[in-house]
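Commentary on secondary and tertiary structure
If you want the building blocks of each chain, they are given just below.
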Amino acid sequence: MIKSFFSDGIIHGNLFRDSILKWIIHIFIFWGLASFTLITLLHMIAIAAAPDSSSIGAASPWFVMVFGTIENRFTAIIIDLSKLAILGGAFIAVVRFLLLKKKYKSVELKDKSAGVLISVIALLSFVYEGTFFLAMETPAVRAAFAPAGYILSLMLGFIPGINWAVAAMVFFYAYISMLFLFVALIPFGKYSHMVFGPIVAVYNKMKEDKH
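Residues numbered from 1 in each chain as written. Predicted model: local features only at pLDDT ≥ 70, side-chain atom pairs only at ≥ 80, totals over all residues. Heavy atoms only, no water.

1. Some thoughts on helix α9 (residues 164-185)
With 22 residues, α9 extends 31 Å from end C-alpha to end C-alpha; this agrees with the ideal 32 Å at 1.5 Å per step. Where α9 is concerned, the buried positions are W164, A167, A168, F172, Y175, I176, L179 and F182. Relative to the axis of α9, the buried residues are bounded by an arc of 145° and lie together on one face. Of the residues that open α9, the one with a side-chain oxygen 3.2 Å from the backbone nitrogen of A165 is N163. (Helix = DSSP H or I, 4+ residues; strand = E, 2+ residues; numbered from the N terminus. Expected span 1.5 Å × (residues − 1). Buried < 20%, exposed > 50% of the residue type's maximum accessible area, 1.4 Å probe, protein only. Arc of directions from axis to C-beta. Polar contact = N/O pair within 3.5 Å; in protein donor to acceptor, adjacent residues only side chain to side chain.)

2. Examining the nonpolar core
Residues L33, F36, Y128 and Y175 are the most contacted members of the largest nonpolar core, which totals 24 residues. Of all the secondary structure elements, the ones that give two or more residues to this core are α3 (20-49), α5 (73-99), α6 (112-136) and α9. If near-sequence neighbours (up to four positions away) are discounted, F36 is found in contact with I79, S82, K83, I86, I121, S125, Y175 and L179. Grouped together as the second largest cluster of nonpolar side chains are 5 residues, L152, L156, W164 and A167 included. (Core = buried A, V, L, I, M, F, W, Y, C linked by side-chain atoms within 4.5 Å. Contact = heavy atoms within 4.5 Å.)

3. A few points about the environment of A148
Residue position: A148 is located in helix α8 (residues 147-156). With 71 residues separating them in the primary sequence, A148 and I77 have C-alpha atoms 9.8 Å apart. In contact with A148, other than residues within four places in its own chain, are D80, L84 and F126.

4. Brief notes about the packing of α3 against α9
Put simply, α3 and α9 touch, their axes get as near as 11 Å, and they point 130° apart. As judged from the angle between their axes, α3 and α9 are oblique. Relative to α9, the crossing made by α3 is left-handed. Between α3 and α9, the contacting residues are L33, F36, T37, T40, L41, H43, M44 and I47 on the first element and F172, Y175, I176, L179, F180, F182 and V183 on the second. Residues belonging to the contact of α3 with α9 are distributed by class as follows: 12 nonpolar, 3 polar and no charged. (Axes fitted to C-alpha atoms, helices over the stretch in contact; angles between N-to-C directions. Parallel < 35°, antiparallel > 145°, perpendicular 65-115°, else oblique. Left-handed = near helix turned anticlockwise from the far one by under 90°. Nonpolar A, V, L, I, M, F, W, Y, C, P; charged D, E, K, R; others polar.)

5. A word on the packing of aromatic side chains
A full pass over the atoms with the stated rule returns 11 aromatic pairs. Aromatic side chains F30 and W31 sit 5.2 Å apart centroid to centroid with 90° between the ring planes, which places their arrangement in the edge-to-face category. Classification of F30 by relative accessible area gives buried; the value is 12%. Taken together through their ring pairs, the aromatic side chains of F36, Y128, F132, F133, F172, Y173 and Y175 make up a single cluster. One cation-aromatic arrangement involves K83 over F126; the distance from NZ or CZ to the ring centre is 4.2 Å. (Phe/Tyr/Trp six-rings, centres within 6.5 Å; stacked < 30°, edge-to-face > 60°. Lys NZ or Arg CZ within 6 Å of the ring centre and 35° of its normal.)

6. Focus: the side chain of D80
Tracing the sequence through the fold places D80 in helix α5. Among buried Asp, Glu, Lys and Arg side chains, D80 stands out as unpaired, with K83 the closest opposite charge at 4.2 Å. Residues within four places of D80 in sequence aside, it is in contact with F126, E129, A146, P147, A148 and G149. (Lys, Arg positive; Asp, Glu negative; His and termini not counted. Salt bridge = Lys/Arg side-chain N within 4 Å of Asp/Glu carboxyl O.)

7. As for the confidence of the model for the chain
If pLDDT is low for a region, its predicted coordinates should not be looked at in detail. Of all residues in the chain, 72% attain a pLDDT of 70 or more, and the chain-wide mean is 81. Summarising per-element confidence for the chain, the mean pLDDT is lowest in helix α10 (residues 193-210) (64) and highest in α8 (94). (pLDDT = per-residue confidence, 0-100.)

In structure tokens:
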């Protein structure tokens, strides 16, 4: 049962045996979304725990120092790479769908609204990164650990007359609200296997053992 939990529920070994491309899509989206949700949750808690999120420094608790700002290298790279994984998985799924002769074989795009929503959430988070770096005037050596957000900040910097601190706050609340709404709706949609997959793998193994 433990083996089934990890091999089929966590690393999706059953999908790997069926189709390597389908396995790559699921790994990118599953682990990208899981990492993105977790790091966002920790980021939100750390911001709430910080007395003044604009002055997080050496005197702040370690949890706030690590997760309270995307100027932290660890948080920056995880939050950026997780979203790139999501968008990468979605892009491969779209290409696979377009190349399939029999479209009904592709299950990754059945819930198009969910796919669009999660892509919009990732893009909003990238804009949050860019506006945050502009508001905080983050040095390139730190911002570069979130490469997509840093590149976006360079492009946004050409727009005059924007209060970047206010913009960062707006995009922060926009993306976390949509992310947690999406996660809350997962069990009720076609992406429910992302939550219940490990449980189903264990159940199927127990069922096989009984027979």
